[in-house]
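# Descriptive structure summary
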Amino acid sequence: MENQLVEQLLQWVVPITMFTLMFAMGLTLSKADFRRIFKSPKPVLIGLGLNLLILPVIGYLLAIGFDLSLMLAVGLVAVAATPGGTTSNMIVHMGKGDTALSITLTALATITTLITLPLWVNFVIQDLGGGVTEIEMPIMKTAVQLGLFTVLPLVLGMIAREKLSRLIKHEPLLSKLSTFAMIVAFVAAGLADSNNVIEQASVIIVPCILLLLLAIILGFFTPKLLGVNTKDCATIAVETCLKNILLSLFIATNTLQIVEVAYASAIVGMIMMPMAVLIMVAYRMSLRMQLNNQGAV
């Protein structure tokens, strides 16, 4: 009975939190952020490709390599297929990365995820489930649900930015409240299945760490090899590392209604922030070393 109450609470908390967070993100966006892809397409396309195509494949291969159960595999691929969020924009800004690129990647990837995330989750269910699982995830219905809690509040936030500019100052508070609610959701997800959470979460820890490490490596060195400047490389690395965990939590708690799917989101949510901060710290240190070397010359 207690587990059912927690699960029902999650089904309310996660969508409301996601709506609030996406509205706050909309307050930081303008039309220029979407036009930027036409002005500087290379880093944007590389970032989108990594986040929406390459990382889900890596999540899928890790799930197979570690022989994860079906629902743990679904959770790992779901979190791998999610875009960055407003937190990544904040980290990039504080680290003196390319904030405009970060915001553009977050906005475009969030919209594209309406289709790609349900497709990836459905693929894993059908492929690893052997075609015999009773679990189904209707792609279009899920896309519509995600749209109501991502694109709609995003657009409303952008409209509010233009029409009610005084609301912009409340964006940090909305983001902080959403983040706090997200943490509460993680704890509740564990309490909902306390008998199995420790054992099963421990199984998913190593794959989650490897996913984030590979995301950072590919996020930095792929654009670097393709001629993108270091500043944008660091920005893309943060975008591939810091995930909008609420999207994968929404899939777990509202679409599939299986708490086990949320375990990967909980683990990634706990370790992604320090890793993203380290990226920008390393970037700032490299800049200082370059400036010192130039000064010595």
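Look above for the structure.
Below is a summary of the structure that appears in this document. (Residues numbered from 1 in each chain as written. Predicted model: local features only at pLDDT ≥ 70, side-chain atom pairs only at ≥ 80, totals over all residues. Heavy atoms only, no water.)

With that settled, consider the overall build of the protein. The helix and strand inventory of the protein stands at 13 helices and zero strands. What you see in the protein, going N to C, is helices and strands ordered as α-α-α-α-α-α-α-α-α-α-α-α-α. The buried share among the 297 residues of the protein stands at 51%. Considering only intrachain contacts with a sequence separation of at least 6, the fraction spanning at least 24 residues in the protein is 86%. Accessible area for the protein stands at about 13,800 Å²; split by element, carbon and sulfur atoms hold 68% of it. (Helix = DSSP H or I, 4+ residues; strand = E, 2+ residues; numbered from the N terminus. Buried < 20%, exposed > 50% of the residue type's maximum accessible area, 1.4 Å probe, protein only. Contact = heavy atoms within 4.5 Å. Areas by Shrake-Rupley, 256 points an atom, 1.4 Å probe, with all protein chains shown as cover.)

Side chains of a nonpolar character, in soluble globular proteins, are inclined to be buried together. Judged by nonpolar contacts, the single largest core of 65 residues is most densely connected at V74, L76, V121, I204, V238, C241 and I279. Setting aside residues up to four positions removed in sequence, C241 forms contacts with L212, I216, M272, M275, A276 and I279. Of all hydrophobic cores here, the second largest spans 12 residues; its members include L101, L108, A109 and V228. (Core = buried A, V, L, I, M, F, W, Y, C linked by side-chain atoms within 4.5 Å.)

What follows is about the side chain of N244. Tracing the backbone through its elements, the reader meets N244 in the loop between α11 (230-241) and α12 (245-255). Exposure remark for N244: the relative accessible area of 3% places this residue in the buried category. Those residues in contact with N244 that sit more than four places away from it in its chain are L21, M22, T82, P83, G84 and G85.

Moving on: a positive patch on the surface. On the surface, a cluster of positive charge is contributed by K31, R35, K39 and K163. Counting residues per element, the positive patch draws most heavily on helix α2 (residues 31-39), which supplies three residues. Turning to its location among the elements, R35 is positioned in helix α2. A relative accessible area of 46% means that R35 is categorised as partly exposed. (Patch = residues over 30% accessible without salt bridge, like charges linked within 9 Å, V, L, I, M, F, W, Y side chains within 5 Å. Salt bridge = Lys/Arg side-chain N within 4 Å of Asp/Glu carboxyl O. Lys, Arg positive; Asp, Glu negative; His and termini not counted. Charge placed at Lys NZ, Arg CZ, Asp CG, Glu CD.)

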